[in-house]
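# Commentary on secondary and tertiary structure
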Amino acid sequence: MKPLIYKIILVTISILLLTGKPAFAQVRPLTMENAVKLALEKNRDLQVATLETAKSTQKVREARSYALPTVAASAQYLYFPQKQVSFLPGSFVGLGENQLATFRVGGSNAFVGGVAVSQPLFQAGIRSGIRAAQIYENASAEGLNEVRASVVTDVKKAYLDVLITQEQLRLQEQSLLRNEQALRDSRSLLAQGRASRVDTLRAFVSTENLRPEISRLNNRVEITKTILKRTMGLDEQEAIALQDSLRYDKTGFVIPGTDAFFEAVQARPEVHRLELTEKLNREQIALQTAERAPKLSAIGLLQSQAQANHLKLADYSWPLSSYVGLQVNVPIFSGFRTVSRIQQAVITRQQSETQLVNLKEMVRAEVKIGLSNVEEARLRIETQRQTVTVAELGYRITRDRWKQGIASRLELSDAELSLTQAKSNHLQAVYDFLTASVELDKVMGRIR
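Rules and cut-offs
Residues numbered from 1 in each chain as written. Predicted model: local features only at pLDDT ≥ 70, side-chain atom pairs only at ≥ 80, totals over all residues. Heavy atoms only, no water. UniProt positions renumbered as here; feature names shortened; annotations may be inferred. Helix = DSSP H or I, 4+ residues; strand = E, 2+ residues; numbered from the N terminus. Expected span 1.5 Å × (residues − 1). pLDDT = per-residue confidence, 0-100. Pairing = 2+ DSSP bridges. Axes fitted to C-alpha atoms, helices over the stretch in contact; angles between N-to-C directions. Buried < 20%, exposed > 50% of the residue type's maximum accessible area, 1.4 Å probe, protein only.

The name given to the protein chain in an unreviewed UniProt entry is TolC family protein, with the source organism recorded as Larkinella punicea. What UniProt records for the protein chain under Subcellular location (unreviewed entry) is the sentence "Cell outer membrane".

## Brief notes about unusual backbone geometry
A positive phi angle, close to 70°, is found at Phe 336, a residue other than glycine. Relative to the assigned elements, Phe 336 resides in the loop between β8 (320-329) and α8 (337-403).

## Comments concerning helix α9 (residues 409-443)
Residues spaced three or four apart along an α-helix face the same direction, because each turn holds 3.6 residues. In a regular helix each residue adds 1.5 Å, so 35 residues correspond to 51 Å; α9 covers 50 Å between its end C-alpha atoms and thus fits that length. Two residues or fewer after α9 comes Gly 445, characterised by a positive phi angle close to 75°.

## Focus on the confidence of the model for the protein chain
Within the protein chain, residue pLDDT values average 86, and 92% of them lie at 70 or more. When pLDDT is averaged over each helix and strand of the protein chain, the minimum, 49, is found for helix α1 (residues 2-19) and the maximum, 94, for strand β2 (residues 70-79).

## What about the sheet that holds β8?
Spatial strand order, β2-β5-β7-β8: 4 strands in an open sheet with antiparallel pairing. What marks the edges here is a single partner per strand, and that holds for β2 and β8. With direction set aside, neighbouring strand axes in the sheet form an average angle of 20°. As paired strands, β2 and strand β5 (residues 109-122) are joined by 10 bridges and run antiparallel to one another. Following the sheet pairing, Gln 76 is matched in β5 by Val 112.

## A look at the pairing of β8
Among the 10 residues of β8, 0 are classified as buried, and the element is accordingly described as predominantly exposed. Both strand β7 (residues 295-308) and β8 contribute to a ladder of 10 bridges, which runs antiparallel. By the bridge assignment, Gly 300 is partnered in β8 with Val 324.

Quick look at the structure:
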């Protein structure tokens, strides 16, 4: 008994050393609802969009700061190897009237310090700047909603991709079981002399032909799970087990009303964002136009300076000087830069207007196509459901007739293939309906 335990321990240690992963990884059970919640927490595109909204909030704060006073302190030390020169009329020192006398004044060391204040009193562009920043903040919020809708849609579609691949694998495994049973029956009938060797070989080939497809689907399941985990923002090494199934529930789908286009336009974050962008461009025109207006500010300065030929600061005299006043800046000519910027803003606004009209037309087309896809998939589900029932009955009858020696092996193969194809078509129709429903929710702006 002990040698067996030792072998198990050694095998476990070997697995850990070779793979670097635990032998029994914890599997995360995952419903579609939980997958969406995790994506909203961990998806990196959504995190980037959230940071963009935070940045837009700071832009509003920055725009408002232009209406507040600006206070700046400055300090300066100067050393003069040769002291400053002042010029006086020559008559002050007995020189001619046309001559100038030069004097070197001041100390070798000079210190200057002060505090300057400037308060805008009138600047036409400040209010436009604040409104533009607020519009940008709202547009960023709509951009976040747009990214959120895309993430939710992508996660749901990735989840459905995993489900349909798993179901396709299950159908092929069921087909393999039926063919293996047919192979066993064929061998038994061959032993009894009631079946030909060709029928047995055909049954063997049909069975073996299914194995590569099952291997491919197994690999496809892992690929779709990897895509789902990446879309959610999970680590690719984490194991997941999907809890939902592909299920058609017509009662759970809400059909849009006659005003579906109007509903979609009112709800789509892309439309809201572009409408806000158009308003933002209008404010940009006002902001550039404001550059032509004069600017009035109240200014003030408190300053102290001292000079001496030594660095004994305690012996320095620090006289103060100050002033307050008004400052006006009147733009006269800027090389046509302001005019060019205004025209650029006007063209940008025209572009956004055209884009908005184009987007609304795209929404109209998307709503029509989305409704058509959902309805087409729903009709296929109803048709394929009946087809599966008929194919199951046909397979059972053909199998019983084949066992009695009435039907051929080829008829049985055709009946089995028809059953598998009917189930696969029904499965595809359910998948198409669910995918089209998810896409229609996004088109209608139902995802927030």
